[in-house]
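Residue-level structure breakdown
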Amino acid sequence: MKILEGLNDFQSKAVTTVEGPVLVVAGPGTGKTLTIVRRIAYLVEQGIKPEHILAVTFTNRAAREMCERTYALLGSRTQTIFIGTFHLLGITIMEHVSGHELLLYGRDEQLELIRSLTGLTSKKAFQLVEKISRIKNCIEGCDSTTREFFDLYEEARKDRKAYDLDDLLTIPIQLLQDKSDLEAFQFQYIMVDEYQDINPVQYKFIKTLGRKTQHICGVGDADQSIYAFRGSHLENFLNFTDDFPGTKQIALTHHYRSTEKILHASQRLIEHNQKRIGTSLSTIREEGVPITIVSLPDGHTECYAIIEEIEKRIGGTSHYMLMKRNISNHRGEISYRFSDFAVLVRTNGQATEIAESLKMSGIPFQRIGRITYSRNRELINHFQSMLSNLPETLDYSLLMKEMEKKGKIVPEDRELMENLFVAYGNASPREAIHAIIHEFMLRSSGDEFNSNADVVTVSTLHAAKGLEFRVVFIAGVEDGLIPFRTSQETVDMEEERRLFYVGMTRAKDELLLLYARERFLYGNRSIRLPSPFIQEIPEEYVQHIFVPERVKEKKSNQMELFS
DNA sequence: GGTGAAGTGGTTTTT
DNA sequence: CCACTTCACC
C-alpha cells in the first residue's frame, strides 16, 4: 500500500515528519483527517507498535471517522491503536487502574444528586452542576458559597462510588503522575486533533501523557477556534512551538473545498484577526460565482428567500414550483439534492424559525444539535434500572425483543446494540450492562448528523464545524447576532469573526449571506444593521441583492422575491 | 416570610 | 415576549 499516494507535498511532509514535536496547521478543507489517518498508517508501517500510538479527538463523530478510515488502511492492526476521545482515554486509564468497570454519572445523575443534596430548584441545580463542571475544567474559580456545594457534591459522589464526565480528565492526570509505571499508557507517538480547542485540563492531560516522549503532534487551526466559552484556550495552539522546543511546523496550504471566490473572501475576512498563525490557502478549485449578500426587509422574508433559493436550484417541490417547472421551467436534469444545502444561524432560536418555515413549505430537513441526546438518555436509564435487579444470566435476544415492544429502541439503535451484545457476550450481565452504558455515554454521538439522508441541514454555526455543503446560507448576518452582543459583556470580535469564518468555509460552490433590516426580536420590532464583518469582505467577491419591503401586491407576484 | 410590581436580560456545547 | 430576579411593603 502506498501511504503517500494522492497526497500533496505538505500533507506528505506532515505524514512523514514523525520524530519530535510537530505542529500541523490545517485550515478548512485542507485534508486534515486524511493526513492524520495516513500518518497513523505511516507510523505502523515504520514498525511502531500500534499500542504505542495515540490519537485523541474531542468528539465521538471525529473519533469514529478517524477509526473507520484508519481501519480501511490497516485492517485489524487498527485495533490496538488508541483512537478515541479524551474522555474515553480517561475512563480506559481509570478502569485499567481500578481493575473493574466504573459507575459513570452523566448530567442527569449529577442533577439528581445535587437536587437531593441541596433541594434546589431544577434550574438552579442545573446551573450549579454546570458550574461544578467548569470549576473541574479550570474554566472558572470557586467562590466560598460554591465551595460548600462543591465539597458536598464531591463527598456524595465518592460515597456513591460514581464519577462524572469531568473526573474522566482530572483523575487520570493524578493517576499518571502517581504511577509512573503505567506501562499500558506509555504512548510513544501522540496526535491531538483540534489542538486549538483544548481546555486547561486537557492540556495538562496531554502534557502528562507526553512526559516520556517527544513525539507529540498537534493538529488544528487557530482560525477555527470557536469554543472559548467552554474553556478552549487558543494560546495553547499559538504557543505550541515555544511550549515544545524543536517543533517542526507544517502548514497544509492546499484547499480542496471552496471555489476561489469563497476561499479568498473568507481569507480576507480572517486576516483581520491578530491571534492567528498567518498561513495563506490556495484552492485547486475554479473561480466560482460571487458570494451573494441579500438584504431583506424582515425575518419572515429571510426564511422565504432561503426556501425560494433552494427550490429554484432543486427544480421545485412545492405544488407551485412543480407546476411551474412542468409548464415552463423544466431543465431536464436536477443538479442539486436537498442534502447539498445548509442553513446556518447563530442561535438555536433562529434555527427553530427556519426549521418551521421549511416544514411549512414541505422541504425535508434535519437539525443538527443535541436533540437525539434524550433517546440515548432513555436507553441509559433503562440499562441502569436493569442493574438493580439483574438475573443470573441474560438473554440478550429476549431483552432486545422486550425493548422493541416497549418502543424503547429504534432501528438505528438495533445494530449498535446487537454489536454490543455480541462484544460483551462472555462478560457477566453486570459487566456487560456497565460496558453498554459506557458505550452509549462515551461512544454514541449525540449530534447525529446523517450525511446519507437527502435533506437540507439546519444548524448553528458552532455545530456546523467540520461539515461541508455545496450551497450554504448564513442567515441573520446582522450586527448583534454576528457578532453576538448582550447588553452587558464585551464581545470577543476575533472569536466571533472565527465563527463567521467557520460558517463561510463550509460552502463548496455557493455562499449566500442574508440579513434582515428589521426583525421581530424578544417581542419587539427592532431595526437591524448588517454585520460589520460584511464590510470586511472585498467587493470583488460579492454581489448584492436588495429585496425591498413588499408593498401590497397581487398574490401571484408574492412568490418572487428576486426579479 | 410571602406577595405583587417593577426591572432585567435573552448565545454558542462536547463528553 | 417571557422567565426570572429584585425590592418594597404587608
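Note that the structure is a prediction, hence the values are computed from the model and not measured.

**Regarding the protein's contact with DNA strand C**
In the region of DNA strand C, the neighbouring residues are K123, K124, Y522 and G523. When atoms of DNA strand C within 4 Å of the protein are sorted by moiety, sugar and phosphate together comprise 36%. Interatomic distance of 3.0 Å between a backbone N/O atom of Y522 and a base nitrogen of DNA strand C. Looking at the surface near DNA strand C residue by residue, the class counts come to one nonpolar, one polar and two charged.

**Some remarks on the nonpolar core**
In terms of nonpolar packing, the biggest core is built from 54 residues, with L89, F205 and F383 touching the most fellow members. The greatest single-element share of this core, amounting to seven residues, is contributed by helix α19 (residues 429–442). With residues near it in sequence (within four places) discarded, L89 still touches L54, V56, F82, F185, F187, F205 and L209.

**Topic: the packing of aromatic side chains**
Inspection of every chain in the model, using the stated rule, returns ten aromatic pairs. Relative to F229, the ring of Y227 has its centre 5.9 Å away and its plane inclined at 50 degrees; by these criteria the two rings are tilted. Judged by relative accessible area, Y227 falls into the buried class, the value being 13%. Given the relative accessible area of 57%, F229 is considered exposed. Here a set of aromatic residues connected by ring pairs shows up, and it is made of F58, F86 and F205. The ring of F244 has K207 sitting right over it, with the charged end atom 4.2 Å from the ring centre.

**Focus on the sheet that holds strand β6 (residues 189–192)**
On the basis of which strands lie adjacent, the open sheet formed by six strands has the order β3-β2-β6-β7-β1-β8 and parallel pairing. Each edge of the sheet is formed by a strand with only one pairing partner; in this case those strands are β3 (82–85) and β8 (248–252). Within this sheet the neighbouring strands show an average axis-to-axis angle of 15 degrees, counted without direction. Relative to β8, strand β1 (residues 22–26) runs parallel, the two being bridged by five bridges. When the bridges of β8 are listed, V25 appears paired with A251. Of the strands in this sheet, β1 and β8 are in contact with helix α1 (residues 9–16), which crosses β8 at around 145 degrees. Its contacts with the sheet put helix α3 (residues 60–74) on β2 (53–57) and β3, and the angle it makes with β3 is roughly 160 degrees.

**A look at a nonpolar patch on the surface**
A contiguous nonpolar surface patch, about 210 Å² in accessible area, is contributed by L117, F149 and L152. Counting through the fold element by element, F149 comes out in helix α7 (residues 144–159).

**Brief notes about the packing of helix α4 (residues 86–98) against helix α8 (residues 167–178)**
Viewed as axis vectors pointing N to C, α4 and α8 meet at an angle of 50 degrees, and their least axial separation amounts to 8 Å. The angle between α4 and α8 places the two elements in the oblique class. Crossing hand, α4 versus α8: left-handed. Every residue of α8 that contacts α4 at F86, H87, G90, I91, I93, M94 and V97 is listed here: D167, L168, L169, I171, P172, L175 and L176. Here the contact of α4 with α8 is composed, by residue class, of eleven nonpolar, two polar and one charged.

**Thoughts on helix α2 (residues 32–45)**
Here α2 is 14 residues long and its end C-alpha atoms lie 20 Å apart, about the 20 Å a rise of 1.5 Å per residue gives. When you tally the buried positions in α2, you get twelve out of 14 residues, the bulk of the element. Taken together, the buried positions of α2 are occupied by K32, T33, T35, I36, V37, R38, R39, I40, A41, Y42, L43 and V44. At the C-terminal side of α2, G47 shows a positive phi close to 95 degrees.

**Description of the sheet that holds strand β15 (residues 469–474)**
Ordered in space as β13-β14-β12-β15-β16-β11-β19, the seven strands form an open sheet in which the pairing is parallel. Either end of the sheet is taken by a strand with one partner, and the two such strands are β13 (365–367) and β19 (542–546). The mean inter-strand angle of the sheet, taken between neighbouring strand axes irrespective of direction, is 20 degrees. Strand direction decides the pairing type here: strand β12 (residues 341–345) and β15, joined by four bridges, are parallel. Looking at β15, one finds that L344 is bridged to I474.

**A closer look at the protein's contact with DNA strand B**
Around DNA strand B sit 20 residues in total, of which N60, R346, N348, T460 and Q488 are the nearest. Of all atoms in DNA strand B that approach within 4 Å of the protein, 59% are sugar or phosphate atoms. N60 is positioned with one of its backbone polar atoms (N or O) 2.5 Å from a phosphate oxygen of DNA strand B. Between a sugar or linking oxygen of DNA strand B and a side-chain N or O atom of R230, the distance comes to 3.2 Å. For the surface near DNA strand B, the residue count by class is seven nonpolar, ten polar and three charged.

**What about the pattern of salt bridges?**
What the rule picks out here adds up to 39 salt bridges. With a closest N to O distance of 3.2 Å, K32 and E194 form a salt bridge. On the criterion of sequence distance, the pair formed by K32 in helix α2 and E194 in the loop between β6 and α9 (200–209) is long-range, its members being 162 residues apart. Note that R107 is salt-bridged to E130, the shortest N-O span being 2.9 Å. Residue R107 is found in helix α5 (residues 107–118), and its partner E130 is found in helix α6 (residues 122–136); the two are separated by 23 residues along the sequence. What makes E130 partly exposed here is its relative accessible area of 25%.

**Here we look at the environment of L89**
Looking at the element boundaries, L89 is found in helix α4. The spatial distance from the C-alpha of L89 to the C-alpha of T57 is 9.9 Å, given a sequence separation of 32 residues.

**Let's talk about α9**
Listed as buried for α9 are V201, Q202, F205, I206, T208 and L209. Viewed along the axis of α9, the buried residues span an arc of 165 degrees, placing them on a single side of the element. On the buried face of α9, the contacting elements are β2, α4, α6, α8 and β6. Looking at where α9 begins, the residue whose side-chain oxygen comes 2.9 Å from the main-chain nitrogen of V201 is N199.

So, how was this worked out
Per chain, residues are indexed from 1 in the order of the written sequence. Chain letters and ligand numbers both follow the written order, the letters beginning at A and the numbers at 1. Whole-chain, interface and lining totals are the exception, using all residues; otherwise, since this is a predicted model, local features are given only for residues with pLDDT of at least 70 and side-chain atom pairs are given and counted only at 80 or more. Hydrogens and water are ignored here; the side-chain numbers use all heavy atoms of the structure. Distances are taken per atom, and a residue is near a molecule or strand as soon as one of its heavy atoms is within 4 Å of it. Any pair of nitrogen or oxygen atoms within 3.5 Å is treated as a polar contact; in protein, a donor-acceptor pairing is required on top of that, and neighbouring residues in sequence qualify only through side-chain atoms on both sides. Polar here means any residue outside two lists: the nonpolar Ala, Val, Leu, Ile, Met, Phe, Trp, Tyr, Cys and Pro, and the charged Asp, Glu, Lys and Arg; Gly therefore counts as polar. Grouping buried Ala, Val, Leu, Ile, Met, Phe, Trp, Tyr and Cys residues that are joined through side-chain atoms within 4.5 Å yields what is termed a nonpolar core. The cut-offs for exposure are 20% and 50% of the maximum accessible area for each residue type, with area from a 1.4 Å probe on protein chains only; residues under the lower value are buried, those over the upper are exposed, and the others partly exposed. A helix here means a DSSP run of H or I that spans at least four residues, while a strand means a run of E at least two residues long, and both kinds are numbered starting from the N terminus. Contact definition: two residues touch when any of their heavy atoms are within 4.5 Å. Any two rings among Phe, Tyr and Trp, with Trp reduced to its six-membered ring, count as a pair given centres within 6.5 Å; such a pair is stacked if its planes are under 30 degrees apart, edge-to-face if over 60, and tilted if neither. Only Lys NZ and Arg CZ are tested; either one counts as a charge over a ring when it is within 6 Å of the ring centre and within 35 degrees of the ring normal. Any two strands are treated as partners once DSSP identifies two or more bridges connecting them. Throughout, an axis means a line fitted to C-alpha atoms (over the contacting stretch in the case of helices), and angles, computed between N-to-C directions, take values from 0 to 180 degrees. Each patch is built from residues lacking any salt bridge and having more than 30% relative accessible area; the joining distance is 9 Å for like charges and 5 Å for nonpolar side chains (Val, Leu, Ile, Met, Phe, Trp, Tyr). Methods summary: accessible areas were calculated by the Shrake-Rupley approach with a probe of 1.4 Å, and residue burial reflects only the protein chains presented. By salt bridge we mean one thing: a side-chain nitrogen of Lys or Arg within 4 Å of a carboxyl oxygen of Asp or Glu. An angle counts as roughly parallel when it lies under 35 degrees, as roughly antiparallel when it exceeds 145, as roughly perpendicular when it falls between 65 and 115, and as oblique in every other case. Crossing handedness follows the turn of the near helix against the far one: under a right angle anticlockwise gives a left-handed crossing, and clockwise gives a right-handed one. Expected helix span is computed as 1.5 Å times (number of residues minus one). Note: the arc covers the axis-to-C-beta directions of the helix.

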